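The residues making up each chain are set out below.
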Amino acid sequence: VISGVVSKNEATAKLDSKLDVKFIDELKQRLNLVSDVKSFLQIRNEIQLFQPMIINTHTSKAGLLTRIANVTLFHKK
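Treat the numbers as computed from the prediction; the structure is a model and nothing was measured.

How each quantity is defined
Residues numbered from 1 in each chain as written. Predicted model: local features only at pLDDT ≥ 70, side-chain atom pairs only at ≥ 80, totals over all residues. Heavy atoms only, no water. Helix = DSSP H or I, 4+ residues; strand = E, 2+ residues; numbered from the N terminus. Buried < 20%, exposed > 50% of the residue type's maximum accessible area, 1.4 Å probe, protein only. Contact = heavy atoms within 4.5 Å. Areas by Shrake-Rupley, 256 points an atom, 1.4 Å probe, with all protein chains shown as cover. Expected span 1.5 Å × (residues − 1). Polar contact = N/O pair within 3.5 Å; in protein donor to acceptor, adjacent residues only side chain to side chain. Axes fitted to C-alpha atoms, helices over the stretch in contact; angles between N-to-C directions. Parallel < 35°, antiparallel > 145°, perpendicular 65-115°, else oblique. Left-handed = near helix turned anticlockwise from the far one by under 90°.

A. Representation of the overall build of the protein. Each helix and strand counted, the protein has two helices and two strands in total. Along the protein, helices and strands appear, N-terminal first, in the series β-β-α-α. Of all 77 residues assigned to the protein, the portion counted as buried reaches 18%. Contacts in the protein between residues far apart in sequence, at least 24 positions, make up 36% of those at least 6 positions apart. Of the roughly 6,600 Å² of accessible surface on the protein, a fraction of 56% belongs to carbon and sulfur atoms.

B. Layout of helix 2 (residues 60-74). Look at helix 2: 21 Å from first C-alpha to last across 15 residues, which is about the 21 Å you get at 1.5 Å a residue. Looking only at helix 2, the buried set comprises Lys61, Ala62, Gly63, Leu65, Thr66, Ala69 and Leu73. The elements touched by buried residues of helix 2 are helix 1 (33-50).

C. Here's a closer look at the side chain of Ser39. Among the secondary structure elements, Ser39 is positioned in helix 1. Setting aside its immediate chain neighbours within four residues, Ser39 contacts Ile24, Glu26, Leu27 and Leu65.

D. Region of interest: the side chain of Asp36. The residue Asp36 is located in helix 1 in this model. Among the polar contacts listed, one links the side chain of Asp36 to the side chain of Lys61, at a separation of 2.8 Å. Here Asp36 is in contact with Arg30, Leu31, Lys61 and Leu65, once residues within four sequence places are set aside.

E. How the structure looks around the packing of helix 1 against helix 2. In the contact formed by helix 1 and helix 2, the axes pass within 9 Å of each other and the chain directions differ by 55 degrees. Relative to helix 2, the element helix 1 lies oblique. Read as a crossing pair, helix 1 and helix 2 show a hand that is right-handed. In this structure, helix 1 uses Asp36, Ser39, Phe40, Ile43, Arg44, Ile47 and Gln48 to contact helix 2, whose residues at the interface are Lys61, Leu65, Thr66, Ile68, Ala69, Asn70, Thr72, Leu73 and Phe74.

Remember that the coordinates give geometry; whether it matters functionally is a separate question.
Rendered as structure tokens:
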């Protein structure tokens, strides 16, 4: 499981302590080019290491970054 961080005014769900969770501090709701590029690179690295068969995202930013990362890794000609 990969997770971003939430701001103080946002709610977050409790994660099962048995899960291996990787937090990406730069993955936040607010748009920030530098943080978003760092998040993309970290997500891409995690996908490359883990090579998941299924990817499920819960926010539009995470979905976009993950889709781009996945395409750049596994759809090379």
